[in-house]
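Take a look at the letters that make up each chain.
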Amino acid sequence: MEMNTDIKYLKGVGESRAASLKKLGIGTLGALLRFYPRAYEDWNSIVSISDVPLNETLCIKGTVLHKPSAFKTRNGAMLYKTTVSDGTGLMNLTFFNNKYVVNQLSENEDYLFFGKVALNMYGAKEMASPRFEKAQGKERIRPVYRCTQSLNSKAIEKFVSTALDAFAGDIPDPIPGALIKKYRLPVLAEALRMIHFPADESEIAAARRRLVFEELLVLETGLLRLRGGAGIQRGRKFKADYSGEFWALLPFEPTPAQRRAVEQAVADMSSGKRMSRLLQGDVGSGKTAVAAALIYNAAKNSVQSALMAPTEVLAEQHYRTLTKMLGGTGLSISLLTGSVSASAKRDIKQRLADGETDLVIGTHALIQKDVEFSRLGLVITDEQHRFGVAQRNALRDKGEEPHVFVMSATPIPRTLAMIIYGDLDISVLDELPPGRQPIETYKVDSAYRDRILKFTQKALDEGRQAYIICPLVEEGESDLIPATEYERHLASTYFKNYRVGLLHGQMKPAEKDAVMRSFSSGETQLLVSTVVVEVGVDVPNATVMIIENAERFGLSQLHQLRGRIGRGEHKSTCILVSDAQNAEAVERFKVLCETSDGFKIADKDLELRGPGDFFGSRQHGLPDLKIADVVTDTRVLYEAQRVASEILAVDPELSLPENAGLAGEISSLFSRA
Ligand code: ADP
Ligand code: MG
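Values in this document were obtained by computation on a predicted structure and should not be read as measured data.

Trainee: Outline the packing of aromatic side chains, listing residues and values.
Mentor: This model, assessed by the stated rule, comprises twelve aromatic pairs. Centroid distance Trp43 to Phe114: 4.9 Å. Interplanar angle 10 degrees. Geometry classified as stacked. Here Phe114 lies in strand β6 (residues 110-119) and Trp43 lies in the loop between β1 (39-42) and β2 (57-64), a separation of 71 residues in the sequence. You'll find Trp43 and Phe114 in the same group, each marked buried. Relative to Phe495, the ring of Tyr494 lies with its centre 6.5 Å away and its plane at 40 degrees, an arrangement referred to as tilted. Connected via pairs of aromatic rings, a cluster forms that spans Phe95, Tyr111, Phe113 and Phe132. For the cation-ring pair, Arg142 lies above Trp43, with the distance from its terminal atom to the ring centre recorded as 3.9 Å.

Encoded structure:
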């Protein structure tokens, strides 16, 4: 028996049950043992019948007074009834359509009954269809498993028990022995026994503590490795700080937060170690200027920089902004995207390889094989959650130990940032440049649509631009507004005399880019769009955003969307349109109307929806966690992160025998993601 033995070979399983188990994600013995109970039933704390509270799930123990007798109800169903006594009182039991109980419950025998107690029509205590088993004097806490139609929790319990017996305590432990000792953790075999079949609450707690630590240790060590080590790599050492010179070039004063972020990054780059830093800043907080300051420093220290953005529109926008900021300094800047002509590309690549270019800005085109640098020393990725770790690493590997700077406009609660960005140091832009007009946000119901469309017309008449965001592209669910159709409708009614554009995810990238460009340039006045409207697109003239079916969007997403407006000198207005009544949606709208702080909103979002949406593998390429809860297990997370970097500092390749188990768990965790 090995942890990776196919589940079908476990005694009592076989082909067809193996198929049911696979539906639950259980393909091997190891996966079965790691299929932790989702809850427990306490068959250990027995309540006396005289004291039972009503409507709580509990366990009683009593003697069956007579074999269950059968009754036919008016609609033909069968009822089986009996009575139980425990010396303190009587309990009626009723079973529906379950003729087997007649033979399963014998007169004068003791049983445990597990279920809820209610009063029947005569005011007597009654348990309806309780689960039961013979009292054997060793009552216990029972695991409850997620199950399927064809496989109930009890069957899974049996398999787990068989598997544990088969291993007889001989289960390899991925946590190195020294750590087990140091933290006084139960070994894996013991922890698995306790998590499935705990003797008491304290065993559940001890097992959980160990399994959470293990899971986070595997995750953090894996992330740290993916990102290239324990943060102790050498990096190019910048000799001098040119930030003061750079700030003097700007038409505005940097905010204290921008200054601080640049100082932190420059300190990293002057330390001799490689910088790995994440810049988190709410939309509009001025991340581009921070990037420019670092690029300027890099150029002055004679290294090249590369800035990668997820779309052409964003890359072009960065190119324009940075050319404006840095153009006067003699830095040579180029733009490399898919739509640059072949001959221009060749030229750009040549100059990059020759070291003539100080900064290249681009899309994924930057990580193609034939792009070479002569002295790449600083790699920046913008809106980085859109890039996989592999893409970021591909760019990094084009330089020799380049410094890495990652910018994100998606505020993430600190705990989650720690997981998602592993070993990255974090700088935060927690203030907006002065003079920004706050975005006024209102929630209205659909009865107001005429009024808000007229309000939008007025904004366009004043020379501004507007967004209307719809949740869907085409007609689907009846009450949702499909973008395509709504655009057609608006363009022929309210906005007949205006230039209206449409943007959605089913368009080709080139079409999307063309639409976005037309909106950026002011040609399109009103853009009807699904959520694909680019994060990071800066159109300061857009001042109105209407979000239809706003209940369809998460809090952070609404905040991101809203960040497309309020970027210029004009006052901006965001209108959430929704007829939703449910408390959670109402709470979301309230938060949005009251605060504009992305970090507060992210915390609230986490509270309302749980970490799933942040942590989903789709968004970040991260594996799902089975037992750790990133919201409540923060302390363990810090600990795991520290331990992970200690392990990698000693054994960067995890090649020592004591780390072999850990290495194995890491590869299986990440292959699931
Ligand atoms: P984001 O953090 O969303 O990427 P940007 O870098 O696009 O934000 O900056 C948003 C706008 O704010 C830009 O027009 C930029 O020129 C302006 N800006 C940035 N920093 C400052 C500052 N310190 N003072 C005034 N305006 C600033
Ligand atoms: Mg930006």
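Trainee: Describe in detail the confidence of the model for the protein, supporting the description with residues and values.
Mentor: A low pLDDT score tells you not to read the predicted coordinates there in detail. Of the residues in the protein, 92% reach a pLDDT of 70 or more, and the chain-wide mean stands at 88. For the protein, per-element mean pLDDT is lowest for helix α22 (residues 617-620), which scores 42, and highest for helix α10 (residues 287-300), which scores 97. Ignoring residues within four places in sequence, the model shows residues 615-620, a span with pLDDT below 50, making 15 contacts including any to other chains.

Trainee: Before we move on, can you summarise the site of ligand 1 with the specific residues and values?
Mentor: The immediate surroundings of ligand 1 are formed by 16 residues, with Glu253, Gly284, Lys287, Thr288 and Arg436 found nearest. Between a nitrogen atom of ligand 1 and a main-chain N or O atom of Glu253, the distance comes to 2.8 Å. Compared with its free state, where it exposes 570 Å², ligand 1 has 82% of that area covered by protein. Here the shell around ligand 1 is composed, by residue class, of four nonpolar, six polar and six charged.

Trainee: Run through the sheet that holds strand β11 (residues 304-308), naming residues and quoting values.
Mentor: Two pairing modes exist for strands in a sheet, parallel and antiparallel, and in both the strands are linked by backbone hydrogen bonds. What the seven strands build is an open sheet, ordered β12-β13-β11-β14-β15-β10-β16; its pairing is parallel. Because the sheet does not close on itself, it has two edges, and the strands there are β12 (333-336) and β16 (425-429). Here the strands of the sheet are splayed against their neighbours by 20 degrees on average, with no regard to which way each runs. Relative to strand β15 (residues 403-408), strand β14 (residues 376-382) runs parallel, the two sharing five bridges. Considered in β15, the bridge of Thr381 is made with Val406.

Trainee: So what's going on with the domain arrangement of the protein? Residues and values would help.
Mentor: Domain boundaries assigned for the protein yield domain 1 (50-139), domain 2 (243-429) and domain 3 (439-595). Summarising the inter-unit geometry, the C-alpha centres of domain 1 and domain 3 are found 59 Å apart.

Trainee: Lay out the pairing of strand β7 (residues 125-128) with the relevant residues and their values.
Mentor: Where strand β5 (residues 90-96) and β7 come together, three bridges link them in parallel fashion. The partner of Asn92 across the bridge, within β7, is Glu126. Across three bridges, β6 lies against β7 in antiparallel orientation. Within β7, the residue paired with Leu119 across the bridge is Lys125. If you look at the hairpin formed by β6 and β7, you'll find five residues sitting between the two strands, and Gly123 has a positive phi there, around 80 degrees.

Trainee: Residue-level account of unusual backbone geometry, with values.
Mentor: What is expected of a backbone is that most residues other than glycine have negative phi and most peptide bonds are trans. Of note, Ser129 is a non-glycine position whose phi angle comes to about 45 degrees, a positive value. Along the chain, Ser129 falls in the loop between β7 and β8 (131-134). Taking relative accessible area as the criterion, Ser129 reaches 37% and is therefore assigned partly exposed. The phi angle at Arg184 is positive, at roughly 50 degrees, despite the residue not being glycine. By secondary structure assignment, the location of Arg184 is in the loop between α5 (177-182) and α6 (188-196). The class of Arg184 is exposed, set by a relative accessible area of 72%.

Trainee: So what's going on with the packing of α6 against helix α7 (residues 201-226)? Residues and values would help.
Mentor: One way to put it is that α6 packs onto α7 with a least axis distance of 8 Å and a crossing angle of 125 degrees. Comparing the axis directions of α6 and α7 gives the class oblique. Seen along the crossing, α6 lies across α7 with a hand that is left-handed. Contacts between α6 and α7 involve Leu188, Ala191, Leu192, Arg193, Met194 and Ile195 from the first element and Glu203, Ile204, Ala206, Ala207, Arg208, Arg210, Leu211 and Glu214 from the second. Looking at the contact of α6 with α7 residue by residue, the class counts come to nine nonpolar, no polar and five charged.

Trainee: Outline the sheet that holds strand β19 (residues 500-503), listing residues and values.
Mentor: The parallel open sheet is built from six strands, whose spatial order is β17-β22-β21-β18-β20-β19. Both outer strands of the open sheet, β17 (440-444) and β19, are each paired with one neighbouring strand and no more. Each strand of the sheet is rotated relative to its neighbour by a mean of 15 degrees, with strand direction disregarded. Two elements, β19 and strand β20 (residues 526-529), share four bridges in a ladder whose sense is parallel. Bridged to Val500 within β20 is Leu526. Sheet strands touched by helix α19 (residues 583-594): β17 and β22 (573-577). Its angle to β17, the strand with the most contacts, is close to 155 degrees.

Rules of the game
- Residues numbered from 1 in each chain as written.
- Chains lettered and ligands numbered in written order.
- Predicted model: local features only at pLDDT ≥ 70, side-chain atom pairs only at ≥ 80, totals over all residues.
- Heavy atoms only, no water.
- Phe/Tyr/Trp six-rings, centres within 6.5 Å; stacked < 30°, edge-to-face > 60°.
- Helix = DSSP H or I, 4+ residues; strand = E, 2+ residues; numbered from the N terminus.
- Buried < 20%, exposed > 50% of the residue type's maximum accessible area, 1.4 Å probe, protein only.
- Lys NZ or Arg CZ within 6 Å of the ring centre and 35° of its normal.
- pLDDT = per-residue confidence, 0-100.
- Contact = heavy atoms within 4.5 Å.
- Near = heavy atom within 4 Å.
- Polar contact = N/O pair within 3.5 Å; in protein donor to acceptor, adjacent residues only side chain to side chain.
- Areas by Shrake-Rupley, 256 points an atom, 1.4 Å probe, with all protein chains shown as cover.
- Nonpolar A, V, L, I, M, F, W, Y, C, P; charged D, E, K, R; others polar.
- Pairing = 2+ DSSP bridges.
- Axes fitted to C-alpha atoms, helices over the stretch in contact; angles between N-to-C directions.
- Domains from an automatic or database assignment.
- Parallel < 35°, antiparallel > 145°, perpendicular 65-115°, else oblique.
- Left-handed = near helix turned anticlockwise from the far one by under 90°.

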